[in-house]
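Descriptive analysis of the structure
Each chain, written out:
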Amino acid sequence: MTETPKPMTARAAAGPLSGSVRVPGDKSMSHRALMLGALAVGETRIQGLLEGEDVLCTAAAMRALGAEVTRTGDGAWSVRGRGVGGLAEPDSVLDMGNSGTAARLLTGIIAGHPIFAVITGDASLRRRPMKRVTDPLAQCGAAFWTREGGRLPLAIRGARDPMPLDYTLPVASAQVKSAVLLAGLCAPGITRVVEPHATRDHTETMLRGFGATVEVDRRDDGGREIRLTGQPELTGRPVTVPADPSSAAFPAVAALIVPGSSVTLEGVGMNPLRAGLYTTLMEMGADIEIRAQRDEAGEPVADLTVSSSPLIGVDVPAERAPSMIDEFPVLAVAAACATGTTRMRGLAELRVKESDRLAAIAAGLDACGARLEIAGDDLLVHGTGAPPRGGATIATHMDHRIAMAFLVLGQVTAEPVTVDDGGFIDTSFPGFAELMRGLGATIEA
Ligand code: S3P
């Protein structure tokens, strides 16, 4: 949500990175905790909520829809909900900032309520496709008006008597799955979603935690069928949000590539549908010790000790992409420092993230002197075993993860790496530069 670009520069770390840190709360779970809290009866107390700009947009939207949303301490929030079907019509436009998750999940929620609302976002979000949610949601009886190409701003007239949906996802997207399920909360009967590839299941898990009946069948082809029983009474409950594995990825890769480093990341969410990066890094030879595995709010959590390691190129199968979809920018950085070729398969969805990430990664790595190619939807990075030279200014295109990935790369390049705008880092990882500096990284604002 920055107006004035905030360039940031990374220089080679003066020595090994070390320390033990907890990165901020999981972004996906934070959005969902606020949304389900607003749809529940009674109070939901949230601990460890990510207080990044994306999630603050969701908090403001749930308030505008009539829920009582209060910050009670650091990462501690209380939501008093209105019950399923009980949200009020907002009296102004809902601005979801940079967040696709917030915009798409909210579209699902509003589609099931007999209210009118308009959703917009920043220039990055206004470029992203919304038809993937409005197409299925129109079947439940909601009406939508968008700009050309299904782009925001989006006006919604929610369904008065929503119909349950039966929808097979054409792309692996937890956002689309979640939008359909959230609309299904207000419909009578069973809402059924089939996903050809399993995607993050926080919506299903959290819905169950709030009292909904959600059945999941795993299919032999790796997909899933999800059935939600409509019109449940959701009941407010405590939610503890684990540290975000997608944010932990940045200090983890920094620790791997800066020689002699050892960094512990505390309380990281280890949901198997989110942990694909860590599997891949271990295949590349990364020394990652997974300790103190436990359960928090129905999600597996662990402490990770990551020590610098020589990395080798690997082939990352397309089926794994959904479980690490946000981690490809930083994996590409690790791959650029590895020996041999890393082939990352099936990255079409990266083209519609906060930026066209495939193009942004390729342009940035190329500017830093790395060798790579794009073949169809695959990205191939040819590592030489030594880091690329750096010495470039990276166009981040309003994308927090492009900014963080290249600031990590700059910890090992001979010449500094500048990102043209680090302001968007606050959408998902407030305090990133300070946390990295605390570990020994060199990042200048
Ligand atoms: C998210 C799903 C993913 C991911 C995004 C968060 C979610 O998007 O990239 O950062 O919380 O459901 P898609 O569903 O579009 O793949």
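The structure we're discussing is the one just above.
Quick summary incoming for the structure in this document. In this text, all values refer to a predicted model and were calculated from it rather than measured experimentally. (Residues numbered from 1 in each chain as written. Predicted model: local features only at pLDDT ≥ 70, side-chain atom pairs only at ≥ 80, totals over all residues. Heavy atoms only, no water.)

Turning our eyes to something else, we now look at the overall build of the protein. For the protein, the helix and strand inventory stands at 12 helices and 24 strands. Compactness check: the protein gives a C-alpha radius of gyration of 21 Å against a globular reference of 22 Å for 445 residues, within 12% of the reference. Principal-axis analysis of the C-alpha atoms gives the protein an extent of 60 × 50 × 40 Å. The proportion of buried residues among the 445 residues of the protein is 61%. Looking at the protein as shown, the accessible area adds up to about 15300 Å², and 49% of this sits on carbon and sulfur atoms. If the 42 positive side-chain charges of the protein are averaged to one point and the 52 negative ones to another, these points end up 2 Å apart. (Helix = DSSP H or I, 4+ residues; strand = E, 2+ residues; numbered from the N terminus. Rg over C-alpha atoms; globule rule 2.2 N^0.38 Å. Buried < 20%, exposed > 50% of the residue type's maximum accessible area, 1.4 Å probe, protein only. Areas by Shrake-Rupley, 256 points an atom, 1.4 Å probe, with all protein chains shown as cover. Lys, Arg positive; Asp, Glu negative; His and termini not counted. Charge placed at Lys NZ, Arg CZ, Asp CG, Glu CD.)

Of the volumes computed, that of the largest pocket is approximately 530 Å³. Lining the largest pocket are 33 residues; nearest its centre among them are A172, S173, R200, I325 and K353. Looking at the lining of the largest pocket, the elements with two or more residues in it are α1 (27–39), α3 (100–111) and α5 (174–184). Among the elements that take part in the lining of the largest pocket, α1 stands out by supplying four residues, more than any other. Looking at side-chain class alone, the lining of the largest pocket contains eight nonpolar, 11 polar and 14 charged residues. Residues from two domains meet in the lining of the largest pocket; each of domain 1 (8–25 + 242–444) and domain 2 (27–214) gives at least three. Surrounding the second largest pocket, 14 residues form its lining, M8, G422, D426, A433 and E434 being those nearest its centre. Ranked by residue count, the leading element in the lining of the second largest pocket is helix α12 (residues 432–439), at four residues. (1 Å grid on protein atoms, 1.4 Å probe; cavity = no way out; pocket = protein on both sides within 12 Å on 5 of 7 lines; lining within 4 Å. Points joined across faces, edges and corners; volume = space filled by probe spheres on them. Nonpolar A, V, L, I, M, F, W, Y, C, P; charged D, E, K, R; others polar. Domains from an automatic or database assignment.)

Here the focus is the packing of aromatic side chains. Taken as a whole, this structure holds two aromatic pairs when the rule is applied. Residues F250 and F432 carry aromatic rings whose centres are separated by 6.3 Å and whose planes lie at 80° to one another, so their mutual orientation is edge-to-face. Of this pair, F250 sits in helix α7 (residues 245–257) while F432 is found in helix α12, placing the two residues 182 residues apart along the sequence. In this structure, F250 and F432 share a single accessibility class: buried. Look at F429 and F432: their rings are 5.2 Å apart centre to centre, the planes differ by 70°, and that puts the pair in the edge-to-face class. In this structure F432 comes out as buried when scored by relative accessible area, which is 1%. Feature note: the residues F250, F429 and F432 constitute an aromatic cluster, connected by ring pairs. (Phe/Tyr/Trp six-rings, centres within 6.5 Å; stacked < 30°, edge-to-face > 60°.)

We now examine the site of the ligand. S28, R32, T101, A172, S173, A174, Q175, R200, I325, D326 and K353 make up every residue found near the ligand. In the model, an oxygen atom of the ligand is placed 2.9 Å from a nitrogen or oxygen of the A174 main chain. Between D326 and the ligand, the recorded distance is 2.7 Å, taken from a side-chain N or O atom to an oxygen atom. Burial of the ligand by the surrounding chains reaches 95%, relative to a free accessible area of 380 Å². Among the detected pockets, the ligand sits in the largest pocket. Elements with a minimum of two residues in the shell around the ligand: α1 and α5. (Near = heavy atom within 4 Å. Polar contact = N/O pair within 3.5 Å; in protein donor to acceptor, adjacent residues only side chain to side chain. Sits in = over half its atoms within 2 Å of the grid points.)

On the secondary structure map, D244 appears in the loop between β14 (239–240) and α7. Under the relative-accessibility criterion, D244 is labelled buried at 2%. In this structure the side chain of D244 is engaged in a polar contact, spanning 2.8 Å, whose partner is the backbone nitrogen of K27. Polar contacts involving the side chain of D244 include one to the main-chain amide nitrogen of S246, which spans 2.8 Å. Excluding its chain neighbours within four sequence positions, the residues that come into contact with D244 are V23, P24, G25, D26, K27 and R274. (Contact = heavy atoms within 4.5 Å.)

The next thing to look at is the nonpolar core. Formed by 79 residues in total, the largest nonpolar core has its most connected members in L265, L281, M344 and F432. Counting residues per element, this core draws most heavily on α7, which supplies nine residues. Filtering out sequence-adjacent residues up to four positions away, F432 remains in contact with F250, M404, L407, V408, I425 and I443. Formed by 64 residues, the second largest nonpolar core is a distinct cluster that contains M29, L34, A38 and L50. (Core = buried A, V, L, I, M, F, W, Y, C linked by side-chain atoms within 4.5 Å.)

The next subject is the pairing of strand β15 (residues 262–269). Burial of β15 is extensive: six of the eight residues sit out of reach of the surface. For strand β2 (residues 18–21) and β15, the ladder comprises four bridges, and the chain directions are parallel. Along β15, the bridge assignment pairs G19 with V263. Two strands pair when backbone bridges link them, and β15 and strand β17 (residues 299–307) are joined in this way by six bridges, in the antiparallel orientation. Each bridged residue has a counterpart across the sheet, and for V263 the counterpart in β17 is V306. (Pairing = 2+ DSSP bridges.)

The subject of this paragraph is helix α8 (residues 276–283). Where α8 is concerned, the buried positions are G276, L277, Y278, T280 and L281. Summarising the contacts, the buried residues of α8 are in contact with α7, β16 (287–296), β17, β18 (315–316) and α9 (328–336). At the C-terminal side of α8, G285 shows a positive phi close to 105°.

Just geometry here; none of it tells us what the structure is for.
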